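Residue-level structure breakdown
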Amino acid sequence: MFDLDLIKKTYGNFGPRIELAKEVLKKPLTLAEKILYAHLYEPEKVENFKRGVNYVDFAPDRVAMQDATAQMALLQFMNAGKPQTAVPSTVHCDHLIQASVGGTPDLKFALENNKEVFNFLESVSNKYGIGFWKPGAGIIHQVVLENYAFPGGMMIGTDSHTVNAGGLGMIAIGVGGADAVDVMAGMAWELKFPKLIGVKLTGKLSGWTAPKDIILKVAGLLTVKGGTGCIVEYFGEGAQSLSATGKGTICNMGAEIGATTSTFGYDESMERYLRATGRAEVAELANGIKEHLTADAEVYAEPEKYFDQLIEINLDELEPHLNGPFTPDRATPISKMAEEAKANGWPTKVEVGLIGSCTNSSYEDISRAASLAVQAVDKKLKTKAQFTITPGSEQVRYTIERDGFIDIFDKIGASVFANACGPCIGQWARPGADKGEKNTIVHSFNRNFSKRADGNPNTFAFVGSPELVTALAIAGDLTFNPLKDTLTNEAGQQVKLDPPTGHELPSKGFAVEDAGYQAPAADGSSVNVVVAPDSNRLQLLSAFQAWDGKNITGAKLLIKAEGKCTTDHISMAGPWLRFRGHLDNISNNMLIGAVNAFGGATNKVKNQLNGEFDEVPKVARAYKAAGIPSIVVGDHNYGEGSSREHAAMEPRHLGVKAVLVKSFARIHETNLKKQGMLGLTFADEADYDKIQEDDVFNFLDLTDFAPGKPLTIEVVHADGSKDTIKVNHTYNEQQIEWFKAGSALNLIAQQNKN
Ligand code: F3S
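All values derive from a computational prediction rather than experimental measurement. (Residues numbered from 1 in each chain as written. Predicted model: local features only at pLDDT ≥ 70, side-chain atom pairs only at ≥ 80, totals over all residues.)

Across its full length, the protein carries 26 helices and 30 strands. Taken along its principal axes, the extent of the C-alpha atoms in the protein is 90 × 60 × 55 Å. Burial analysis of the protein (754 residues in total) assigns 56% to the buried set. A separation threshold of at least 6 residues defines the contact pool for the protein, and within that pool the share at least 24 residues apart is 77%. (Helix = DSSP H or I, 4+ residues; strand = E, 2+ residues; numbered from the N terminus. Buried ≥ 20, exposed ≤ 12 C-beta atoms within 10 Å, placed from the backbone. Contact = placed C-beta atoms within 7 Å.)

The next point concerns the site of the ligand. The full set close to the ligand counts 13 residues, and Ser357, Cys358, Cys421, Cys424 and Ile425 are the nearest of them. Its residues assigned to classes, the shell around the ligand comprises seven nonpolar, four polar and two charged. Each of domain 1 (4–314) and domain 2 (321–491) gives at least three residues to the shell around the ligand. (Near = placed C-beta within 6 Å. Nonpolar A, V, L, I, M, F, W, Y, C, P; charged D, E, K, R; others polar. Domains from an automatic or database assignment.)

Each neighbour pair has its own omega, and for Gly324 with Pro325 the value is 0°, a cis peptide bond. Mapped onto the elements of the fold, Pro325 is located in the loop between β12 (321–323) and β13 (331–333). Even without being glycine, Thr223 reaches a positive phi, approximately 70°. Structurally, Thr223 is set in the loop between α8 (211–222) and β9 (230–235). Its 17 C-beta neighbours within 10 Å are what place Thr223 among the partly exposed residues. Unlike most non-glycine residues, Leu591 shows phi in positive territory, near 60°. Inspection of the secondary structure assignment puts Leu591 in the loop between α21 (583–586) and β23 (605–606).

Moving on to the UniProt feature "domain: Aconitase A/isopropylmalate dehydratase small subunit swivel" (unreviewed entry) in the protein. The feature "domain: Aconitase A/isopropylmalate dehydratase small subunit swivel" (unreviewed entry), as given by UniProt, occupies residues 556–684 in the numbering adopted here. Here residues 556–684 runs as 27% helix and 19% strand, with 21 Å between its end C-alpha atoms. (UniProt positions renumbered as here; feature names shortened; annotations may be inferred.)

Inspection of helix α12 (residues 280–288) places Val282, Ala283, Leu285 and Ala286 among the buried residues, and these make up the whole buried set. Considered in projection along α12, the buried side chains sweep an arc of 165° and stay on one side of the axis. Projecting away from the buried face of α12 at angles above 90 degrees are the exposed residues Ala280 and Glu284. Buried residues belonging to α12 abut α1 (4–25) and α11 (268–276). (Arc of directions from axis to C-beta.)

Our focus in this paragraph is the nonpolar core. The biggest cluster of nonpolar side chains holds 230 residues, and the ones touching the most others in it are Leu121, Leu472, Leu558 and Ile631. Apart from the residues within four sequence positions on either side, Leu558 is in contact with Val605, Val616, Val619, Ala620, Ser630, Ile631, Val632 and Val656. (Core = buried A, V, L, I, M, F, W, Y, C linked by C-beta atoms within 7 Å.)

A word on the sheet that holds strand β4 (residues 131–133). Within the open sheet, the six strands sit side by side as β6-β5-β2-β3-β4-β21. Their pairing is mixed. Two strands close off the open sheet at either side, each with one partner strand: β6 (171–174) and β21 (517–518). Taken together, the four bridges between strand β5 (residues 154–157) and β6 define a ladder with parallel strand orientation. In the sheet register, Ile156 faces β6, and the bridge partner there is Ile173. Along the sheet, helix α6 (residues 140–147) contacts β2 (62–66), β3 (89–92), β4 and β5; its crossing angle with β2, the most-contacted strand, is approximately 150°. Docked against the sheet, helix α7 (residues 177–184) engages β2, β3 and β5, running at close to 145° with respect to β2. (Pairing = 2+ DSSP bridges. Axes fitted to C-alpha atoms, helices over the stretch in contact; angles between N-to-C directions.)

What follows is about the sheet that holds strand β26 (residues 656–661). The mixed closed barrel is built from seven strands, whose spatial order is β22-β25-β26-β27-β30-β29-β28. Strand-to-strand twist in this sheet, taken as the mean axis angle between neighbours without regard to direction, amounts to 40°. Note: strand β29 (residues 711–716) against strand β30 (residues 722–728), six bridges, orientation antiparallel. Note that in β30 the partner of Ile713 across the bridge is Ile725.

Right, let's talk about the confidence of the model for the protein for a bit. For the protein, per-residue confidence averages 96 on the pLDDT scale, and residues scoring 70 or more make up 100% of the total. Across the assembled chains, the prediction reports ipTM 0.98 with pTM 0.93. (pLDDT = per-residue confidence, 0-100.)

Packing of helix α25 (residues 733–741) against helix α26 (residues 744–753) leaves a shortest axis separation of 7 Å and a crossing angle of 90°. For the element pair α25 / α26, the angle class is roughly perpendicular. Across the interface between the two elements, Glu737, Trp738 and Ala741 of α25 pack against Ala744, Asn746, Leu747 and Gln750 of α26. Residues of the contact of α25 with α26, tallied by class, amount to four nonpolar, two polar and one charged. (Parallel < 35°, antiparallel > 145°, perpendicular 65-115°, else oblique.)

What follows concerns the domain arrangement of the protein. If you check the domain split of the protein, you get domain 1 (4–314), domain 2 (321–491) and domain 3 (555–753). In this structure, domain 2 and domain 3 have C-alpha centres spaced 45 Å apart.

Among the structural elements, Ile552 can be located in the loop between β21 and β22 (555–560). The sequence separation of Ile552 and Phe405 amounts to 147 residues, and the corresponding C-alpha distance is 66 Å. Each residue touching Ile552, except ones within four places of it in the same chain, is listed here: Pro629, Lys657, Phe699 and Leu702.

All right, on to helix α24 (residues 666–674) then. For α24, the tally of buried residues reaches eight of nine residues, placing the bulk of the element in the interior. Three or more residues of α24 are buried, namely Ile667, His668, Glu669, Thr670, Asn671, Leu672, Lys673 and Lys674. Just downstream of α24, Gly676 is the residue with a positive phi angle, here 80°.

Two elements, strand β27 (residues 678–682) and β30, share two bridges in a ladder whose sense is antiparallel. Pairing of Thr681 across the sheet is with Asn728, part of β30.

This part is about the environment of Leu36. Looking at where Leu36 falls in the secondary structure, it is placed in helix α2 (residues 31–37). The class for Leu36 is buried, based on 21 C-beta atoms found within 10 Å. Linking Leu36 and Gly655, residues 619 residues apart in sequence, is a C-alpha distance of 39 Å.

Axes are the key here: two packed helices are described by the angle between their axes and the distance separating the axes. The contact between α8 and helix α10 (residues 244–252) brings their axes to 8 Å, and the two run at 20°. On the basis of their axis angle, the class for α8 and α10 is roughly parallel. Of the two possible hands of crossing, α8 and α10 adopt the one that is right-handed. Residue-level contacts link Pro211, Lys212, Ile214 and Ile215 of α8 to Gly246, Lys247, Thr249 and Ile250 of α10. Across the contact of α8 with α10, the residue classes break down as four nonpolar, two polar and two charged. (Left-handed = near helix turned anticlockwise from the far one by under 90°.)

Below you can see the structure in the form of structure tokens.
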């Protein structure tokens, strides 16, 4: 499945490219810098990029997509006119599977309920050379770690926990679908050169502490924003003592501190994992360039000189942690939990303990949790809370079943859900959750925002290691400290749980009957991608119209948004997720969360054609039907939040030609450019106040659209008076070509034809 030639090619680049980077930078390099410089889109254009300042073009090795985000990404890619993806790519069906009664029936239900989406993803994958992981095969990040991640590689994935692959020494970054399309189409992928945080791990984990406790501690130190724009690089003897999957857990939750990604240097645990997962050849290749797959010795000798920020954690002193409720950076060492829970009024009865997910379902995790389940049975303890397991992949599930762990969990009354996201992403049909009762759950997942697991805002979710979660589920008590507390067993005796024990890797090796992988057709040209014309979940995209070469005139104001307008305000999530693959249907949520500066209401704007007030998408559709262009005006940092491309595609689809704001969130601005829209900023912010409800906009010099040259717009007010305003833009030559062609994809498609 993995592409050995790709790895050989990537590794072949390392030596010369790192040498060149060292010549230019004149300093030793961290691991993150080595991987980044080895993946420049234009490798000869090496500069001493300013960390946290310069935008740099990269050429990632791979792309991974999950089922919810892959839909729009692939619908767009289909319009790029490419016969195959430019880099190896995979699709993983994991988010659309609900956890309800148990693995097999839940999977069956999901297959029925999402049939057309799964069929679509399967056929597109088959056509364009994309590896397809069927529903039930596992969770994207676990499957990637088992099959594709490789030390020193660079990958992007359409899911924020793509960063999990740092456990095998990758630079793996979560992105929006539009970025995935760029890379699959062979274009450059742009990233602000990240700042670097070094985390030095000394000592060694023992007893009840687990890799999860390291990241829970880091999250407590750095908070949910502390890693923003940074790559976190772990090193030190403590790092080398961790399993590769343990490293994966730590990198996975780097998303919870906002980090661009996290990574570890190549070591023996990675080599063991590669060999155990059938990739001895990759291990051999990595051994051949070992010196490039870790930072230079000078960096580790004086890390404070080379990282923007340095943290040191002594694993000998680390305590098991529980982070929460409602935020993953509220870190409480287990010895302080009783006190904290009392002071804050947190419900202490644990209702459910959930282990697994992409974060924590390695063989090591499961075997250590199982060692506690064995003790519960042997010591005649009745497990007080419900207990569930979501295996990360079919390979893990099959292997743990073979090795008897599922039987062990069965003895403490556990439910095994499908190998999918399930309860981690609100896909948990938890009985009674709709009653909204205050209650506590503990899980080994990564996020614990309000409502995330079961939709109940009164569920207090705490994140811990699988071992601690299992112990707390057995005790049924959030304040139970297994390091010192005893439990009363069924015979009325006081018993203590011994620290968990487990195996890094299965002694009999991993096994699986059907991993759930489907290779694409060698030549997909004759594969038909079927989308039913009457589907309400999927819609083939038509190419957006090219610019007609004339000034845009007569454009009506659709909405003047006031205050915060994030991608959630522009394209809401929640129930709208269902329409992620249907541009026309999801466009009915366009800007419905934005606050109208005139009147302060949401989703209520004036239709200039009849003077009546209506919903934003309806008014946009009315203008579009009348052949009238429209404009959106916004405030500061317009489009902040996620990188979802729907927030740019929807206005484009509904006839909005330009978005004129005080300032943009950068990713959204780029997304607008990619979709062939005009993303403009007021040269004089005070001009925002000149915009009135019935305004009509005439561009005066769009025909001279050029980099660095402001544009001029005449704003005609209802009383006939006019203001002429200057607007700025950040379009370069290439991006102006995107605008002219109608979208970046149109341009690629044109180039492919020529
Ligand atoms: Fe899925 Fe939760 Fe991981 S949604 S990808 S299991 S973070």
